[in-house]
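# Residue-level structural notes
If you want the building blocks of each chain, they are given just below.
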Amino acid sequence: MDVKQVDQFAKEILFEAGKRIRAAFSYDIEIETKSNANDLVTNIDRDTELFFIEQIKGFDSTHRILGEEGMGEKVDSLEGVVWIIDPIDGTMNFVKQHRHFMISIGVFEDGVGILGYIYDVMREDLFYAIAGEGAWYNDSSLRKLQPLSINEAVIGINANWVTPNNKINHDKIIDLVRTVRGTRSYGSAAMEIAFVVSGKLDAYISMRLAPWDIGGGTIIAKEVGAIATNFNGNAFDFLTTDTFLIANPSIHQLILDQYIEEK
Ligand code: 2AM
Ligand code: CA
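Procedures and definitions
Residues numbered from 1 in each chain as written. Chains lettered and ligands numbered in written order. Predicted model: local features only at pLDDT ≥ 70, side-chain atom pairs only at ≥ 80, totals over all residues. Heavy atoms only, no water. Axes fitted to C-alpha atoms, helices over the stretch in contact; angles between N-to-C directions. Helix = DSSP H or I, 4+ residues; strand = E, 2+ residues; numbered from the N terminus. Parallel < 35°, antiparallel > 145°, perpendicular 65-115°, else oblique. Contact = heavy atoms within 4.5 Å. Nonpolar A, V, L, I, M, F, W, Y, C, P; charged D, E, K, R; others polar. Pairing = 2+ DSSP bridges. Buried < 20%, exposed > 50% of the residue type's maximum accessible area, 1.4 Å probe, protein only. Arc of directions from axis to C-beta. Expected span 1.5 Å × (residues − 1). Polar contact = N/O pair within 3.5 Å; in protein donor to acceptor, adjacent residues only side chain to side chain. Domains from an automatic or database assignment. Buried area = accessible area lost by both parts, 1.4 Å probe.

### Description of the packing of helix α5 (residues 189-197) against helix α6 (residues 211-224)
- For the pair α5 and α6, the least separation of the axes is 9 Å and the interaxial angle reads 5°. When the axes of α5 and α6 are compared, the pair comes out roughly parallel. In contact with Ala 189, Ala 190, Ile 193 and Val 197 of α5, α6 contributes Asp 213, Ile 214, Gly 217, Ile 220, Ala 221 and Val 224.
- Classifying every residue of the contact of α5 with α6 gives eight nonpolar, one polar and one charged.

### Overview of the sheet that holds strand β14 (residues 242-247)
- The sheet built from five strands is open, its strands ordered β11-β10-β12-β14-β13 with mixed pairing. Edge strands, defined here as strands with exactly one partner in the open sheet, are β11 (182-184) and β13 (227-229). Neighbouring strand axes in the sheet, compared pairwise and without regard to direction, differ in orientation by 15° on average.
- Of the strands in this sheet, β10 (154-156), β11, β12 (203-209) and β14 are in contact with α5, which crosses β12 at around 150°.

### Description of helix α7 (residues 252-259)
- Among all positions in α7, only His 252, Ile 255, Leu 256 and Tyr 259 are buried. The buried residues of α7 all sit within an arc of 120° when viewed along its axis, so they share a single face.
- Buried-residue contacts for α7 involve α4 (170-179), β12, β13 and β14.

### Concerning helix α1 (residues 3-24)
- Here α1 contains 22 residues, and its C-alpha end-to-end distance of 31 Å stays within 8% of the 32 Å for a straight helix at 1.5 Å per residue.
- For α1, the full list of buried residues reads Val 6, Asp 7, Phe 9, Ala 10, Lys 11, Ile 13, Leu 14, Ala 17, Gly 18, Ile 21 and Ala 24.
- Looking at the packing, one finds that the buried side of α1 touches α2 (43-59), β4 (81-89), α3 (91-96), β5 (102-109), β6 (112-120) and β7 (125-130).
- The residue sitting at the N-terminus of α1 and contributing the capping side-chain oxygen is Asp 2; that oxygen lies 3.3 Å from the backbone nitrogen of Lys 4.

### What to know about the environment of Glu 223
- Inspection of the secondary structure puts Glu 223 in helix α6.
- Judged by its relative accessible area of 16%, Glu 223 is buried.
- Apart from the residues within four sequence positions on either side, Glu 223 is in contact with Ala 129, Ile 130, Ala 131, Gly 132, Glu 133, Gly 134, Ala 135 and Lys 144.
- Engagement of the side chain of Glu 223 in a polar contact is seen with the backbone nitrogen of Gly 132, the distance being 2.7 Å.

### What about the sheet that holds β5?
- If you walk across this open sheet you meet the seven strands as β3-β4-β5-β6-β7-β8-β9, and the pairing is mixed. Looking at which strands have only one partner, the edges of the open sheet turn out to be β3 (64-67) and β9 (140-141).
- Sheet topology places β6 next to β7; six bridges connect them, and they run antiparallel. For Leu 115, the partnering residue across the bridge sits in β7 and is Ile 130.

### A look at the domain arrangement of the protein
- Taken domain by domain, the protein comprises domain 1 (3-141) and domain 2 (150-259).
- Summarising the inter-unit geometry, the C-alpha centres of domain 1 and domain 2 are found 21 Å apart.
- Contact with domain 2 buries surface across domain 1, with Asp 89, Ile 118 and Phe 127 losing the most and accounting together for 24% of the total.
- Between domain 1 and domain 2 we count seven residue pairs in polar contact (both at pLDDT 80 or more) in total.
- Elements represented by at least two residues in the side of domain 1 that touches domain 2 include exactly β3, β4, β5, β6, β7 and β8 (134-137).
- No other element matches the seven residues that β6 contributes to the side of domain 1 that touches domain 2.
- Looking at the side of domain 1 that touches domain 2 residue by residue, the class counts come to 19 nonpolar, 11 polar and six charged.

### Structural notes on the packing of α4 against α7
- Here α4 crosses α7 at 140°, and the two axes come no closer than 9 Å. Considering their axes alone, α4 and α7 lie oblique with respect to each other. Contacts between α4 and α7 pair Lys 172, Ile 173, Asp 175, Leu 176 and Thr 179 from the former with Ile 255, Gln 258 and Tyr 259 from the latter.
- When its residues are assigned to classes, the contact of α4 with α7 shows four nonpolar, two polar and two charged.

Next comes the structure, spelled out in structure tokens:
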């Protein structure tokens, strides 16, 4: 794979997809539900994924695409070049707020993350990385994350997990919320990851994320020194859903050890 060429192509199709999504607000968006009443998908999610598949196949027909909406071929291994794509991450934000949703793309070669993109469609802001070369926010390079203490941390977490639930000991999460400087919840995993890699958040915790939610973000994370694992401290495998913690390296292990206890 010619990394520079793929990077240029990826940016072209991201910006074009963004343009199409922004234009969609001037006509009807059809909303459906998936696994439950709050799990939304629209015709725009599907159209955008199809756009990516057509473009990528035209660029190189050997590249495979693992997309959230499953519009492409079935992908059950990461052999060769695989694009892991979420056409709209934060669909509820897309539908309800008309902002705060991202396109997330990770390009993997034989299971190794090579290029990562998180594109904020309405702000036209791009976070991206080329493995081994660095990470950028638009034209500015992203710095390595600086150490901080847990009391200074601002963390992304959904308020659900501070209430009694069957996934995690919420008392420990209450402890965490009281310990840190502040909490935020943006409703788009890719956006929260983009904020961690650029130091706008210091950690983000989620009970269940899929490969397309984090594929792009974990590649950017590596370049700035953010640590991304599941709750067991292991790397995500990019073919199944799993728990997820991304954090500044100075607080990642501490959060796992002291504040996360799965049921
Ligand atoms: P989506 O908008 O692409 O569905 C919301 O808190 C975040 O979690 C969003 O990034 C959302 O992605 C993701 N998400 C929602 N439901 C999910 C599920 N069932 N599995 C994995 N990720 C999910
Ligand atoms: Ca999505």
